[in-house]
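Each chain is listed here by its residues.
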Amino acid sequence: MDTTTTLAELTGNIATVGYGLATLGPGIGLGILIGKTVEGMARQPEVAGQLRTTMFIGVAFVELLALLGIVAGFLF
């Protein structure tokens, strides 16, 4: 059994697991972010527009983390 083949297979599996773990953070972050925004809108409907705008900016940053995770998986 060749050690380079074993190391290449091991690296591929670790990268797959790493990307799977990298998606957990943004997934949890989106759930908390959107949930708290809806909760804030329910408590104070008059600021719903401001909360929605702030939520979309936050969603963009959280999605950036997921994209960085996939790019890192392709690079390494």
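Model, not experiment: these values are computed from the prediction.

As a further point, take the overall build of the protein. Looking only at helices and strands, one finds two helices and zero strands in the protein. Only carbon and sulfur atoms are counted for the fraction: they give 74% of the accessible area of the protein, which is about 5,800 Å².

We now examine the environment of V59. With respect to the helices and strands, the residue V59 is situated in helix α2 (residues 48-75). For the pair V59 and P26, spaced 33 residues apart in sequence, the C-alpha separation works out to 9.1 Å. Not counting chain neighbours up to four residues away, the residues in contact with V59 comprise L30 and L33.

For the structure shown, the criterion picks out two salt bridges. Here K36 and E39 are joined by a salt bridge, their closest N and O atoms 3.8 Å apart. Placement of both K36 and E39 in helix α1 (residues 3-43) is noted, with a separation of three residues, approximately one turn of the helix. The partner of R43 in a salt bridge is E39, with the nearest N and O atoms 3.5 Å apart. With a gap of four residues between them, R43 and E39 both fall in helix α1, about one helical turn apart.

The next subject is the environment of R52. Among the structural elements, R52 can be located in helix α2. Residues R52 and G40, spaced 12 residues apart in sequence, show a C-alpha to C-alpha distance of 9.9 Å.

Judged by side-chain polarity, Y19, L67, I70, V71, F74 and L75 come together as a nonpolar surface patch covering roughly 620 Å² of accessible area. Considering each element in turn, the nonpolar patch owes the most residues, five residues, to α2. With respect to the element layout, L75 can be found in helix α2.

So, how was this worked out
Residues numbered from 1 in each chain as written. Predicted model: local features only at pLDDT ≥ 70, side-chain atom pairs only at ≥ 80, totals over all residues. Heavy atoms only, no water. Helix = DSSP H or I, 4+ residues; strand = E, 2+ residues; numbered from the N terminus. Areas by Shrake-Rupley, 256 points an atom, 1.4 Å probe, with all protein chains shown as cover. Contact = heavy atoms within 4.5 Å. Salt bridge = Lys/Arg side-chain N within 4 Å of Asp/Glu carboxyl O. Patch = residues over 30% accessible without salt bridge, like charges linked within 9 Å, V, L, I, M, F, W, Y side chains within 5 Å.

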